[in-house]
Amino acid sequence: MMKVFLAGASGVLGQRLIPRLVEAGHEVGAMTRSAAKMESLIDLGAVAILCDVFDRDALVQSVRDFQPHVVLNELTDLPDDVTKIGEHAERNARIRTEGNHNLIEAARAAGAPKILAQSVAWQLPDGPDAVAVKDLEQSVLAEGGVVLSYGQFYGPGTYNEGALPAEPRVHIDRAAELTVDALDAPTGVVTIVD
(Lines give C-alpha, C1' and ligand atoms only; values in the text may rest on other atoms or scores of the structure.)
Protein backbone atom coordinates (compact mmCIF):
# COMPACT_ATOMS: atom_id res chain seq x y z
CA MET A 1 0.00 0.00 0.00
CA MET A 2 1.24 3.43 -0.95
CA LYS A 3 -0.06 6.85 -0.14
CA VAL A 4 -0.48 8.68 -3.45
CA PHE A 5 -0.88 12.47 -3.56
CA LEU A 6 -2.74 13.02 -6.84
CA ALA A 7 -2.59 16.55 -8.23
CA GLY A 8 -5.14 17.03 -10.98
CA ALA A 9 -7.50 14.54 -9.38
CA SER A 10 -10.70 16.03 -10.78
CA GLY A 11 -9.51 15.91 -14.39
CA VAL A 12 -10.59 13.33 -16.97
CA LEU A 13 -7.66 11.03 -16.17
CA GLY A 14 -7.63 11.77 -12.43
CA GLN A 15 -11.24 10.64 -12.03
CA ARG A 16 -10.35 7.31 -13.64
CA LEU A 17 -7.16 6.92 -11.64
CA ILE A 18 -8.70 7.24 -8.17
CA PRO A 19 -10.86 4.07 -8.23
CA ARG A 20 -8.04 2.06 -9.80
CA LEU A 21 -5.53 3.27 -7.21
CA VAL A 22 -7.97 2.49 -4.39
CA GLU A 23 -8.73 -0.94 -5.86
CA ALA A 24 -4.97 -1.62 -5.95
CA GLY A 25 -4.89 -0.95 -2.20
CA HIS A 26 -3.45 2.56 -2.24
CA GLU A 27 -4.63 5.56 -0.21
CA VAL A 28 -5.25 8.55 -2.47
CA GLY A 29 -5.00 12.19 -1.46
CA ALA A 30 -6.93 13.81 -4.29
CA MET A 31 -6.06 17.47 -4.77
CA THR A 32 -8.45 19.88 -6.44
CA ARG A 33 -8.68 23.66 -6.45
CA SER A 34 -12.48 23.48 -6.68
CA ALA A 35 -14.51 23.07 -3.49
CA ALA A 36 -17.44 21.98 -5.67
CA LYS A 37 -15.51 18.89 -6.81
CA MET A 38 -14.48 17.63 -3.37
CA GLU A 39 -17.53 15.47 -2.75
CA SER A 40 -17.15 13.64 -6.07
CA LEU A 41 -13.51 12.83 -5.17
CA ILE A 42 -14.63 11.44 -1.81
CA ASP A 43 -17.30 9.37 -3.60
CA LEU A 44 -14.52 7.85 -5.75
CA GLY A 45 -12.74 6.69 -2.58
CA ALA A 46 -10.14 9.43 -2.08
CA VAL A 47 -9.26 11.82 0.71
CA ALA A 48 -10.19 15.15 -0.90
CA ILE A 49 -7.61 17.93 -0.51
CA LEU A 50 -8.60 21.49 -1.39
CA CYS A 51 -5.52 23.31 -2.61
CA ASP A 52 -4.35 25.43 -5.54
CA VAL A 53 -0.99 24.34 -6.98
CA PHE A 54 -0.05 28.01 -7.37
CA ASP A 55 -0.42 28.62 -3.62
CA ARG A 56 3.03 27.28 -2.84
CA ASP A 57 2.83 27.53 0.95
CA ALA A 58 -0.56 25.82 1.14
CA LEU A 59 0.64 23.13 -1.28
CA VAL A 60 3.76 22.43 0.78
CA GLN A 61 1.58 22.11 3.88
CA SER A 62 -0.96 19.86 2.13
CA VAL A 63 1.71 17.44 0.89
CA ARG A 64 3.47 17.45 4.28
CA ASP A 65 0.17 16.72 6.04
CA PHE A 66 -0.66 13.80 3.73
CA GLN A 67 2.88 12.30 3.89
CA PRO A 68 2.73 10.51 0.52
CA HIS A 69 5.04 7.84 -0.84
CA VAL A 70 4.30 9.14 -4.34
CA VAL A 71 3.35 12.52 -5.79
CA LEU A 72 1.46 11.99 -9.04
CA ASN A 73 1.23 15.15 -11.16
CA GLU A 74 -1.65 14.88 -13.63
CA LEU A 75 -2.22 18.65 -13.79
CA THR A 76 -3.24 20.44 -16.97
CA ASP A 77 -5.12 23.66 -17.59
CA LEU A 78 -7.07 22.89 -20.73
CA PRO A 79 -10.44 24.25 -21.89
CA ASP A 80 -13.54 22.08 -22.21
CA ASP A 81 -13.74 23.12 -25.88
CA VAL A 82 -10.87 21.67 -27.94
CA THR A 83 -11.04 24.58 -30.41
CA LYS A 84 -9.90 26.91 -27.62
CA ILE A 85 -6.68 25.05 -26.75
CA GLY A 86 -4.54 27.75 -28.35
CA GLU A 87 -6.07 30.34 -26.05
CA HIS A 88 -4.98 28.27 -23.03
CA ALA A 89 -1.37 27.68 -24.11
CA GLU A 90 0.09 30.13 -21.57
CA ARG A 91 -2.10 28.80 -18.75
CA ASN A 92 -1.24 25.19 -19.50
CA ALA A 93 2.45 26.11 -19.77
CA ARG A 94 2.29 27.80 -16.36
CA ILE A 95 0.81 24.74 -14.67
CA ARG A 96 3.52 22.57 -16.24
CA THR A 97 6.30 24.87 -15.08
CA GLU A 98 5.37 26.82 -11.95
CA GLY A 99 2.81 24.23 -10.83
CA ASN A 100 5.26 21.36 -11.35
CA HIS A 101 8.08 23.19 -9.56
CA ASN A 102 5.75 23.89 -6.63
CA LEU A 103 4.89 20.18 -6.44
CA ILE A 104 8.57 19.26 -6.50
CA GLU A 105 9.27 21.73 -3.70
CA ALA A 106 6.35 20.33 -1.70
CA ALA A 107 7.63 16.79 -2.24
CA ARG A 108 11.08 17.78 -0.99
CA ALA A 109 9.52 19.37 2.10
CA ALA A 110 7.60 16.14 2.76
CA GLY A 111 10.67 13.92 2.69
CA ALA A 112 11.13 13.59 -1.08
CA PRO A 113 8.55 10.98 -2.14
CA LYS A 114 8.80 9.67 -5.69
CA ILE A 115 7.41 12.04 -8.34
CA LEU A 116 5.57 10.99 -11.49
CA ALA A 117 4.35 13.65 -13.92
CA GLN A 118 2.19 13.78 -17.03
CA SER A 119 3.81 14.68 -20.33
CA VAL A 120 2.99 14.04 -23.99
CA ALA A 121 4.25 11.36 -26.37
CA TRP A 122 4.14 13.54 -29.47
CA GLN A 123 6.16 16.51 -30.70
CA LEU A 124 4.51 19.78 -29.74
CA PRO A 125 4.87 22.76 -32.08
CA ASP A 126 7.33 25.44 -30.99
CA GLY A 127 5.76 27.66 -28.37
CA PRO A 128 5.14 28.03 -24.67
CA ASP A 129 3.67 24.54 -24.22
CA ALA A 130 6.65 22.82 -25.86
CA VAL A 131 9.07 24.80 -23.68
CA ALA A 132 6.99 23.98 -20.60
CA VAL A 133 6.91 20.25 -21.38
CA LYS A 134 10.69 20.20 -21.75
CA ASP A 135 11.07 22.03 -18.43
CA LEU A 136 8.66 19.64 -16.70
CA GLU A 137 10.43 16.54 -18.02
CA GLN A 138 13.91 17.79 -17.12
CA SER A 139 12.91 18.87 -13.61
CA VAL A 140 11.11 15.58 -12.84
CA LEU A 141 14.02 13.48 -14.11
CA ALA A 142 16.47 15.63 -12.12
CA GLU A 143 14.52 14.61 -8.98
CA GLY A 144 14.83 10.93 -9.86
CA GLY A 145 11.21 10.87 -10.94
CA VAL A 146 9.24 9.32 -13.77
CA VAL A 147 7.88 11.14 -16.81
CA LEU A 148 4.59 9.64 -17.99
CA SER A 149 4.57 10.28 -21.73
CA TYR A 150 0.94 9.85 -22.79
CA GLY A 151 -0.45 9.49 -26.27
CA GLN A 152 -3.50 11.58 -27.20
CA PHE A 153 -6.44 10.52 -25.06
CA TYR A 154 -9.61 9.18 -26.58
CA GLY A 155 -12.78 7.74 -25.06
CA PRO A 156 -15.50 9.08 -22.73
CA GLY A 157 -14.90 12.59 -21.41
CA THR A 158 -11.94 13.31 -23.70
CA TYR A 159 -11.68 15.61 -26.71
CA ASN A 160 -11.89 12.47 -28.84
CA GLU A 161 -15.06 10.78 -27.62
CA GLY A 162 -16.33 9.63 -30.99
CA ALA A 163 -13.22 9.37 -33.19
CA LEU A 164 -9.67 8.15 -32.91
CA PRO A 165 -7.02 10.89 -32.78
CA ALA A 166 -3.76 10.58 -34.67
CA GLU A 167 -1.09 8.33 -33.19
CA PRO A 168 0.39 8.17 -30.68
CA ARG A 169 -2.86 7.66 -28.79
CA VAL A 170 -4.24 5.85 -25.78
CA HIS A 171 -7.74 5.09 -24.55
CA ILE A 172 -8.36 7.06 -21.33
CA ASP A 173 -9.15 3.90 -19.33
CA ARG A 174 -6.01 2.15 -20.60
CA ALA A 175 -4.01 5.28 -19.69
CA ALA A 176 -5.31 5.02 -16.12
CA GLU A 177 -4.45 1.31 -15.89
CA LEU A 178 -0.92 1.85 -17.19
CA THR A 179 -0.40 4.80 -14.85
CA VAL A 180 -1.16 2.63 -11.82
CA ASP A 181 1.32 0.06 -13.19
CA ALA A 182 3.96 2.82 -13.56
CA LEU A 183 3.99 3.69 -9.84
CA ASP A 184 6.85 1.22 -9.40
CA ALA A 185 8.75 2.29 -12.53
CA PRO A 186 12.40 3.29 -12.16
CA THR A 187 13.55 6.81 -12.96
CA GLY A 188 13.05 7.62 -16.63
CA VAL A 189 10.36 8.04 -19.24
CA VAL A 190 7.41 5.65 -19.45
CA THR A 191 5.50 5.86 -22.73
CA ILE A 192 1.79 5.24 -22.28
CA VAL A 193 0.13 4.48 -25.62
CA ASP A 194 -2.14 1.80 -27.07
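Please refer to the structure placed before this passage.
What you see is a predicted model; the values in this text were computed from it and never measured.

About the criteria used
Residues numbered from 1 in each chain as written. Predicted model: local features only at pLDDT ≥ 70, side-chain atom pairs only at ≥ 80, totals over all residues. Heavy atoms only, no water. Core = buried A, V, L, I, M, F, W, Y, C linked by side-chain atoms within 4.5 Å. Buried < 20%, exposed > 50% of the residue type's maximum accessible area, 1.4 Å probe, protein only. Helix = DSSP H or I, 4+ residues; strand = E, 2+ residues; numbered from the N terminus. Contact = heavy atoms within 4.5 Å. Salt bridge = Lys/Arg side-chain N within 4 Å of Asp/Glu carboxyl O.

Undergrad: It is not clear to me how the nonpolar core should be interpreted in this structure. Could you clarify?
TA: Nonpolar side chains tend toward joint burial in soluble globular proteins. Membership of the largest hydrophobic core comes to 31 residues, with the highest contact counts inside it found for Leu 13, Leu 17, Ile 18, Leu 116 and Leu 148. Of all the secondary structure elements, the ones that give two or more residues to this core are β1 (3–7), α1 (12–23), β2 (27–32), α2 (38–43), β4 (70–73), β6 (146–150) and α6 (172–181). Top element by residues in this core is α6. It accounts for five residues. Once residues lying within four places of it in the same chain are set aside, the contact partners of Leu 148 are Leu 72, Glu 74, Leu 116, Ala 117, Gln 118, Ser 119, Thr 179, Ala 182, Val 190 and Ile 192. Counting 24 residues, the second largest nonpolar core, distinct from the first, contains Met 31, Val 53, Ile 95 and Ala 106.

Undergrad: Explain the pattern of salt bridges to me, please; I cannot follow it from the model alone.
TA: Opposite charge on two side chains lets them pair, provided their charged atoms get close. Tallied over the full model, the rule gives 11 salt bridges. Measuring nitrogen to oxygen at the nearest pair gives 2.8 Å for the salt bridge that ties Arg 94 to Glu 98. Linking Arg 94 with Glu 98, this pair stays in helix α4 (residues 89–109), spanning four residues, or about one helical turn. Take Arg 94: its relative accessible area is 38%, and that puts it in the partly exposed class. Glu 177 is the partner of Arg 174 in a salt bridge, and the nearest nitrogen-oxygen pair spans 3.1 Å. Of this pair, Arg 174 and Glu 177 are both found in helix α6, three residues apart, which corresponds to roughly one turn of the helix.

Nothing here speaks to function; it is all geometry.
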